[in-house]
Amino acid sequence: YGKTWQSTLGPIRTSAGQVSVRPIRLRDAKTWSELRVRNEQTLVPWEPTGMGTWEQRHHTSQWGPLYSALRSEAKRGTILPYVIELDGRYVGQLTVGNIQRGAVRSAWIGYWIDSEHFGGGIATAAVALGVDHCFGRVGLHRLDATVQPANQASQAVLAKVGFRNEGLLKRYMDVNSQWRDHLLFALTVEDLPTSAVEALVRSGRASY
Ligand code: ACO
């Protein structure tokens, strides 16, 4: 499994430009830190609670240890840590986590985008690329996405890719210092007649 995380996905074209997804790199430290610090206001309401201030947690020096931890998980086949690129520039991240094999073959998917690029279809394109990779080479059968009821933009992204709302998980995750309810969205292989990217292209939201 250790090599599927090294794949580059895409590119596909959206109204914002060419979207592709590639593995995280050690040299992403500066961009990661800059974007995460700049996007604190849009990220804090939705992200797991962490130790220390946002600036401390996203200082350039924090990337090395985080990168190493993610890479070793990726080599074990339990996570796919990706960067989302717009026209070759780092604009966000896509992560597939808790990859389970055996009779379940499922994982969760999560993402964020630099607020300067909101609304261009970038997250939708990246999620579609991630879904096709997970249901293709990675060999998964089901993807879950948990999102707070107030996060309308993220729910719109999931709906556009074909995820369905399967219900409410009460006090599911410690986010912004409180246990928050989350909606469980999910997609299984059977839901997609061809592929997620193909469906996006057919709906006019992306092109090859
Ligand atoms: N109410 C309703 N719909 C909204 C709102 C809103 N307030 N804001 C945006 N939208 C819609 C847009 O209209 C668009 O849908 P449309 O194409 O049908 O018009 C959709 O949300 C956004 O689609 P994209 O342009 O593909 O998404 P974008 O690249 O802007 O990224 C994202 C969306 C990732 C949710 C971004 O807003 C973000 O990074 N937010 C902060 C972090 C975050 O919430 N991450 C997701 C956490 S949940 C999870 O990971 C499963």
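Note that the coordinates shown come from a computational prediction; the quantities given were computed from them, not determined experimentally.

The subject of this paragraph is the site of the ligand. Every one of the 25 residues lining the ligand counts as a neighbour, but Gly119, Gly121, Thr124, Asn151 and Lys160 are closest to it. Here an oxygen atom of the ligand sits 3.4 Å away from a polar atom, N or O, in the main chain of glycine 120. Contacts to the ligand include glycine 121, whose backbone N or O atom sits 2.8 Å from an oxygen atom. Coverage of the ligand by the protein amounts to 71% of the 1,000 Å² it exposes when considered alone.

Buried within helix H1 (residues 29-38) are the following residues: Ala29, Trp32, Ser33, Leu35 and Arg36. Along its buried surface, H1 packs onto helix H2 (40-43), helix H3 (54-57), helix H4 (63-76), strand S4 (89-100) and strand S5 (106-113).

Another aspect to go through is the pattern of salt bridges. Summed over the entire model, instances satisfying the criterion amount to 13 salt bridges. Of the charged contacts, one joins arginine 38 and aspartate 114 as a salt bridge, the two residues approaching to 3.1 Å between their closest N and O atoms. Placement of arginine 38 in helix H1 and of aspartate 114 in the loop between S5 and helix H5 (122-135) is noted, with a sequence separation of 76 residues between them. Owing to a relative accessible area of 3%, aspartate 114 belongs among the buried residues under this scheme. The partner of glutamate 166 in a salt bridge is arginine 164, with the nearest N and O atoms 2.9 Å apart. Accessibility expressed as a relative area gives 32% for arginine 164, which makes it partly exposed. Residues joined by salt bridges that share partners form a network here, namely Arg142, Asp144, Arg164, Glu166 and Asp191.

By the criterion of burial, S4 is predominantly enclosed, with nine of the twelve residues buried. Looking at chain direction, strand S3 (residues 80-86) and S4 are connected through seven bridges and run antiparallel. If you follow valine 83 over to S4, its bridge partner there is glutamine 93. Counted between consecutive antiparallel strands, the loop separating S3 from S4 contains two residues, among which aspartate 87 sits at a positive phi close to 45 degrees. As paired strands, S4 and S5 are joined by seven bridges and run antiparallel to one another. Residue pairing in the sheet places glutamine 93 in a bridge with tryptophan 112 of S5. The turn joining S4 and S5, which pair antiparallel and follow one another in sequence, is formed by five residues; a positive phi near 70 degrees is taken by glycine 102.

A few words on the packing of aromatic side chains. One pass over the structure, following the stated rule, counts three aromatic pairs. Measuring from ring centre to ring centre gives 5.1 Å for tryptophan 32 and tryptophan 63, while their planes differ by 40 degrees; the resulting arrangement is tilted. A residue pair is termed long-range when its members are at least 10 positions apart, and tryptophan 32 in helix H1 and tryptophan 63 in helix H4 qualify at 31 residues. Residue tryptophan 32 is classed as buried on the basis of its relative accessible area, which comes to 3%. A ring pair is formed by tyrosine 90 and tryptophan 112, whose centres lie 6.4 Å apart and whose planes are at 45 degrees; its orientation type is tilted. On the criterion of sequence distance, the pair formed by tyrosine 90 in strand S4 and tryptophan 112 in strand S5 is long-range, its members being 22 residues apart. An identical accessibility class is assigned to tyrosine 90 and tryptophan 112; each is buried. Cluster of aromatic residues (ring-pair linked, three or more members): Trp32, Trp63 and Tyr67.

Reading the values: the criteria
- Residues numbered from 1 in each chain as written.
- Predicted model: local features only at pLDDT ≥ 70, side-chain atom pairs only at ≥ 80, totals over all residues.
- Heavy atoms only, no water.
- Near = heavy atom within 4 Å.
- Polar contact = N/O pair within 3.5 Å; in protein donor to acceptor, adjacent residues only side chain to side chain.
- Areas by Shrake-Rupley, 256 points an atom, 1.4 Å probe, with all protein chains shown as cover.
- Buried < 20%, exposed > 50% of the residue type's maximum accessible area, 1.4 Å probe, protein only.
- Helix = DSSP H or I, 4+ residues; strand = E, 2+ residues; numbered from the N terminus.
- Contact = heavy atoms within 4.5 Å.
- Salt bridge = Lys/Arg side-chain N within 4 Å of Asp/Glu carboxyl O.
- Pairing = 2+ DSSP bridges.
- Phe/Tyr/Trp six-rings, centres within 6.5 Å; stacked < 30°, edge-to-face > 60°.

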